[in-house]
Amino acid sequence: MRDAREVVAGAVVRQGHLLLARRTWPVALAGRWELPGGGVDEGETPVAALARELEEELGLTVRVDEQLGADVGLPGGRVLRARWAELVEGEPQLREHSAVRWVDAHGLVSADLVPADRAWTAELAARLA
Ligand code: DCP
């Protein structure tokens, strides 16, 4: 039941553009762009965790949909998974990130993504095309 090692990230699409957020930490990832999300807490489902993280970090209300792409191994043995998320309400607020932007397929491909998230670039770009 508990999978404390799972991290979940959200692919939020609005009007054909994907939400990217720029990390501030750790140093190795600072300044690079990610699909926002975070760790699944004890006793929490990945779906609930993603909704919570997007609310906490960006002030967004989302409806979490199906998984996209492959599972990605993170340093330290954690597993990162991504899900589509429909934006229900809110404009992104910078609570933990240094910037956000909405990218089309070209913007995604040319973005300096955190390494793990590159696993999903092709599937995301296809959806945005
Ligand atoms: N991560 C990633 N790509 C994403 C989201 C996260 O590579 N799209 C990585 C970065 C971190 C780890 O997953 O190494 C955890 O992400 P966060 O630091 O954003 O999550 P939390 O703030 O919830 O931290 P933690 O779960 O470690 O408490």
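Residues numbered from 1 in each chain as written. Predicted model: local features only at pLDDT ≥ 70, side-chain atom pairs only at ≥ 80, totals over all residues. Heavy atoms only, no water.

An unreviewed UniProt entry annotates the chain as 8-oxo-dGTP diphosphatase of Rhodococcus antarcticus. Recorded in UniProt under Cofactor (unreviewed entry), the annotation for the chain is "Mg(2+)". (UniProt positions renumbered as here; feature names shortened; annotations may be inferred.)

1. Quick look at helix H1 (residues 46–58)
Helical geometry note: an α-helix holds 3.6 residues per turn, so side chains three or four residues apart project in the same direction. The end-to-end C-alpha distance of H1 is 18 Å, a good match for the 18 Å that 13 residues give at a rise of 1.5 Å each. Buried within H1 are the following residues: Ala49, Leu50, Glu53, Leu54, Glu57 and Leu58. Looking straight down H1, one finds that the buried residues subtend no more than 125° of arc, so they occupy a single side. Looking at the buried residues of H1, the elements they touch are strand E1 (6–14), strand E2 (17–22), strand E4 (37–39), strand E5 (61–73), strand E6 (79–89) and strand E7 (99–103). Looking one or two residues beyond H1, the residue adopting positive phi is Gly59, at roughly 70°. (Helix = DSSP H or I, 4+ residues; strand = E, 2+ residues; numbered from the N terminus. Expected span 1.5 Å × (residues − 1). Buried < 20%, exposed > 50% of the residue type's maximum accessible area, 1.4 Å probe, protein only. Arc of directions from axis to C-beta. Contact = heavy atoms within 4.5 Å.)

2. A few points about unusual backbone geometry
The step from Trp25 to Pro26 runs through a cis peptide bond, and the omega angle for that step is -15°. The topology assignment puts Pro26 in the loop between E2 and strand E3 (33–34).

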